[in-house]
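Examination of the molecular architecture
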Amino acid sequence: MAFPGGNAGMILSAILAALTTSVILLLILIIYMKYRKPQNGYRRMSPTSLTLAAEQRDSRAASIFSMYGRPSIQENGKAPEFDIPLISRKATGRPKRTCQLHFSLFYNVHLNELTVQVIQAQSLPKLFGLQSGVLVKVSVLDADGETREKLGKTSMHFRKNSVFNSVFTCKGIASADLQELSIGLSLHSQDRFGQSHFVGGVVMRFSEVNFNPSEPVYFWRPVQRKSNGSSPKAERQKGQLFLSLRYHERTSRINVIVMKAANLAKRKRQLRTDPYVMVKLLKNGEVIEKKRTQPCKGSLDPVWNEPFVFDWKKGNTETTGYKFVFEIKSSDMVMPDTSLGVVEICQETSEHWKEMMEKKNYARAMCHNIT
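Okay, so let's go over this structure. For every chain, the first residue of its written sequence is number 1, and the numbers climb from 1 along that sequence. Local features in this predicted model are restricted to residues of pLDDT 70 or higher, and side-chain atom pairs are both shown and tallied only at a pLDDT of 80 or more, whereas totals for entire chains, interfaces and linings draw on every residue. Excluding hydrogens and water, the side-chain figures rest on all heavy atoms present in the structure.

Let's shift gears to the pattern of salt bridges. The working definition used for a salt bridge is a side-chain nitrogen of Lys or Arg within 4 Å of a carboxyl oxygen of Asp or Glu. All chains considered together, the criterion is met by six salt bridges. Here Lys-360 and Glu-249 are joined by a salt bridge, their closest N and O atoms 3.9 Å apart. Here Glu-249 lies in the loop between strand 10 (240-248) and strand 11 (253-262) and Lys-360 lies in the loop between helix 6 (351-358) and strand 17 (364-369), a separation of 111 residues in the sequence. Note on classification: 1.4 Å probe, protein chains only; a residue is buried when its accessible area is under 20% of the maximum for its type, exposed when over 50%, partly exposed between these limits. Residue Glu-249 is classed as partly exposed on the basis of its relative accessible area, which comes to 43%. In this structure, Lys-323 and Glu-344 form a salt bridge, with 3.8 Å as the shortest nitrogen-oxygen distance. Placement of the pair is Lys-323 in strand 15 (residues 322-330) and Glu-344 in strand 16 (residues 338-346), with a sequence separation of 21 residues. For helices the rule is a DSSP run of H or I covering at least 4 residues; for strands it is a run of E covering at least 2, with both sets numbered from the N terminus onward.

Put into structure tokens, the structure is as follows:
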């Protein structure tokens, strides 16, 4: 049956308008339900979740504190408060724009066991706005700031004041060794693809902590941003480059083999890393010869094994002032190539160069830290 005139078009337009309005209203309702402010500023939890959380808290506290003469549930009627209550998102009495981590430490002398609880991250920076999650990694650091043991990590959806209430334990730490160690908590933003980006961290030496034998000690510590260089040393490493050098005495040539790289740092705003190495031979700061490897597609642990030959003296009688520069770059077809780090081997100061000259006509391989 045909509609007279333009009635068919008007009816279709009305139906499309109604559907569009319904979709818009549904999206507004979903956004409101997701981002609405809970009552009293506290995180909203169902009665069942509250009951389970209370049972887990009491059982964990009882297992930690009900031995070796510490207060137990039978003595005072309830377990000590190991977990703090849910904290209001509106922080009171604390400076704004200061990102802080709330955590607690407890050391069991009898079991040589360290317990770390990550409670809350407060006043997260604005760069989290485009991210979907917050991630905190916990590790024990040695005297040099290197990672001794990774205790674990905890994550949740982004909130300006994110509450974790996650507990980690580390066994086998003697009380005598504890004073030489530190606790490291690194804060990361996490995107929807599962990639984490380091934001800052907290490093605290155990020698500064006055441990309580019967209950944990709580701390508020500001997160040190990566821009001021106070992040843990493990976060600043750019990887290692494996090289082989051989000096051929009869021809005065140096054979260089770029073997591989390990643990390269992934650059932000890059979906894939295609690393290659630019090899330069310099004399008194002037480039004499330059060569490069082929890109290794999509790998942070690339393997090249590409050999190069450089004329060292090249008719000159002077044999000082030479230097090799190995620059690791990531190939990009659209944007300029990104530098991932540099390794320099100087004639006067490098141990690798000295070994090459001592063992002439023999290849000498060595691992170098990328700076």
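On we go from here.
What follows concerns a nonpolar patch on the surface. The residues that make up patches have over 30% relative accessible area and no salt bridge, and they are joined within 9 Å when like-charged or within 5 Å when they are Val, Leu, Ile, Met, Phe, Trp or Tyr. Per-residue and other accessible areas follow the Shrake-Rupley method at a 1.4 Å probe size, with only the shown protein chains counted as cover for residues. On the surface, a nonpolar cluster with roughly 700 Å² of combined accessible area is contributed by Val-23, Leu-26, Leu-27, Leu-29, Ile-30, Tyr-32 and Met-33. You can see Tyr-32 is positioned in helix 1 (residues 7-35).

What follows covers the side chain of Ser-139. Tracing the backbone shows Ser-139 in strand 3 (residues 133-141). By definition in these notes, contact holds between two residues if any of their heavy atoms fall within 4.5 Å. Non-local contacts of Ser-139, meaning those with residues more than four positions away in its chain, are made with Thr-147, Glu-149, Lys-150, Leu-151, Ser-182, Ile-183 and Gly-184.

Strands are labelled as partners when DSSP assigns at least two bridges between them. The four strands lie next to each other as 13-12-15-16, forming an open sheet whose pairing is antiparallel. Looking at which strands have only one partner, the edges of the open sheet turn out to be strand 13 (286-292) and strand 16. Each neighbouring strand pair of the sheet contributes to a mean axis angle of 20°, computed without reference to strand direction. Looking at chain direction, strand 12 (residues 275-283) and strand 13 are connected through six bridges and run antiparallel. In the strand pairing of strand 13, Met-278 is matched with Arg-292. Helix axes are fitted to C-alpha atoms over the stretch in contact, other axes to C-alpha atoms as well, and angles between N-to-C directions run from 0 to 180 degrees.

What follows deals with the packing of aromatic side chains. Side-chain rings of Phe, Tyr and Trp (the six-membered ring for Trp) are treated as a pair once their centres are within 6.5 Å; stacked means planes under 30 degrees apart, edge-to-face means over 60, and tilted covers the remaining angles. Here the structure, examined in full by the defined rule, presents six aromatic pairs. A centroid spacing of 6.2 Å and a plane angle of 40° characterise the contact between Phe-206 and Phe-211, whose relative ring orientation is tilted. Exposure class is identical for Phe-206 and Phe-211. Each is buried. Residues Phe-310 and Phe-324 carry aromatic rings whose centres are separated by 5.3 Å and whose planes lie at 75° to one another, so their mutual orientation is edge-to-face.

It is worth spelling out helix 6 at this point. Those residues of helix 6 that sit buried are His-352, Trp-353 and Met-356. The arc that holds every buried residue of helix 6, seen down its axis, measures 100°, which confines them to one face. Contact partners of the buried residues in helix 6: strand 10, strand 11, strand 15, strand 16 and strand 17. The term polar contact refers here to a pair of N or O atoms within 3.5 Å; inside protein, the definition further demands a hydrogen-donor-capable atom paired with an acceptor-capable atom, and it admits residues adjacent in sequence only when both atoms are side-chain atoms. Where helix 6 begins, the side chain of Ser-350 points an oxygen toward the backbone nitrogen of His-352, at a separation of 3.2 Å. Working note: the arc is built from the helix axis to C-beta atom directions.

Attention now goes to the nonpolar core. By size, the foremost hydrophobic cluster in this structure holds 32 residues, and its most contacted members are Leu-105, Val-138 and Ile-183. Other than its neighbours up to four places away in sequence, Ile-183 contacts Leu-105, Val-116, Val-138, Ser-139, Leu-151, Val-202, Val-203, Met-204 and Phe-206. To define a nonpolar core, start from buried Ala, Val, Leu, Ile, Met, Phe, Trp, Tyr and Cys residues and group those joined through side-chain atoms within 4.5 Å. Core analysis: the second largest hydrophobic core is formed by 27 residues, Leu-245, Ala-261, Leu-264 and Phe-326 among them.

Looking now at the environment of Ser-162. Here Ser-162 is to be found in strand 5 (residues 162-171). Residue Ser-162 is classed as buried on the basis of its relative accessible area of 0%. Measuring from C-alpha to C-alpha, the distance between Ser-162 and Ala-121 comes to 5.2 Å, with 41 residues separating the pair along the chain. Setting aside residues up to four positions removed in sequence, Ser-162 forms contacts with Ile-119, Gln-120, Ala-121, Leu-124, Val-134, Met-156 and His-157.

With respect to topology, four strands assemble into an open sheet ordered 14-11-10-17, the strand pairing being antiparallel. Two strands lie at the open edges of the sheet, namely strand 14 (303-311) and strand 17, each paired on one side alone. The sheet shows a mean angle of 25° between the axes of neighbouring strands, direction not considered. The pairing of strand 11 with strand 14 spans seven bridges and is antiparallel.

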